[in-house]
Amino acid sequence: MKEIKAIIKPFMLSKVIDALHGIEGLPGVTVSDIRGFGKSKGEDASHKIIEDKIEYVPKVKLEIVVEDELVEHVVKVIMDHAHTGIIGDGKVFIYDVKEVFKVRTGERGHAAI
Ligand SMILES: Nc1ncnc2c1ncn2[C@@H]1O[C@H](COP(=O)(O)OP(=O)(O)OP(=O)(O)O)[C@@H](O)[C@H]1O
Ligand SMILES: [Mg+2]
């Protein structure tokens, strides 16, 4: 099991989610509004958040835990649908997931995803 964490531009969210809905067997998606910064300077100044003199750019974070076989497909869908080609498009990170527990049923592991 892997966790896919994707940081994308907020205005690309609905396009990405629409595309993710088309993936058979996708177990779920967590969506958070976040702020951060990347390497490149000069990102769209109109969207910056300034807190205590520090500049951040608003982004959206998607967290998706899937079976290993689904990782490449999900990543490709995100890469294809979050892409504008302009700086700040975001990144996708992949993590190993050690264990999953499902609260309602008490299931664990693959059955709980
Ligand atoms: N290495 C990283 N670790 C954690 N978060 C990151 C990392 N790189 C980027 N982020 C997060 O992703 C957001 C988008 O990053 P961004 O796409 O601007 O990266 P970049 O390297 O600056 O690329 P670009 O040149 O396209 O702007 C950042 O605002 C930050 O929240
Ligand atoms: Mg950047």
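All figures in this text were calculated on a predicted structure; none of them were measured in a lab.

A.B. asks: Any details on the pairing of strand β1 (residues 2-8)? Residues and values, ideally.
C.D. replies: Summarising the sheet, β1 and strand β4 (residues 54-66) pair through seven bridges and their orientation is antiparallel. Bridge pairing links Glu3 to Val65 in β4. Inspection of the sheet shows β1 paired to strand β5 (residues 90-96) by seven bridges, in the antiparallel sense. Bridged to Lys2 within β5 is Asp96.

A.B. asks: Give me the lowdown on the site of ligand 1, citing residues and values where you can.
C.D. replies: By nearness alone, 13 residues border ligand 1, and Gly36, Gly38, Lys39, Ser40 and Ile87 come closest of all. Those elements that provide at least two residues to the shell around ligand 1 are β4 and β5. Taken together, the residues of the shell around ligand 1 break down into four nonpolar, five polar and four charged.

A.B. asks: Pulling in residues and values, what's your account of unusual backbone geometry?
C.D. replies: Leaving glycine aside, a negative phi is the common case for residues, and trans is the common case for peptide bonds. Although it is not a glycine, Asp52 adopts a positive phi angle of roughly 50°. Looking at the element boundaries, Asp52 is found in the loop between β3 (49-51) and β4. Of note in the backbone geometry, Lys53 takes a positive phi value of approximately 70° without being a glycine. Considering the arrangement of structural elements, one finds Lys53 in the loop between β3 and β4. On the basis of neighbour counts, which here come to 5 C-beta atoms within 10 Å, the residue Lys53 falls in the exposed class.

Procedures and definitions
Residues numbered from 1 in each chain as written. Chains lettered and ligands numbered in written order. Predicted model: local features only at pLDDT ≥ 70, side-chain atom pairs only at ≥ 80, totals over all residues. Pairing = 2+ DSSP bridges. Helix = DSSP H or I, 4+ residues; strand = E, 2+ residues; numbered from the N terminus. Near = placed C-beta within 6 Å. Nonpolar A, V, L, I, M, F, W, Y, C, P; charged D, E, K, R; others polar. Buried ≥ 20, exposed ≤ 12 C-beta atoms within 10 Å, placed from the backbone.

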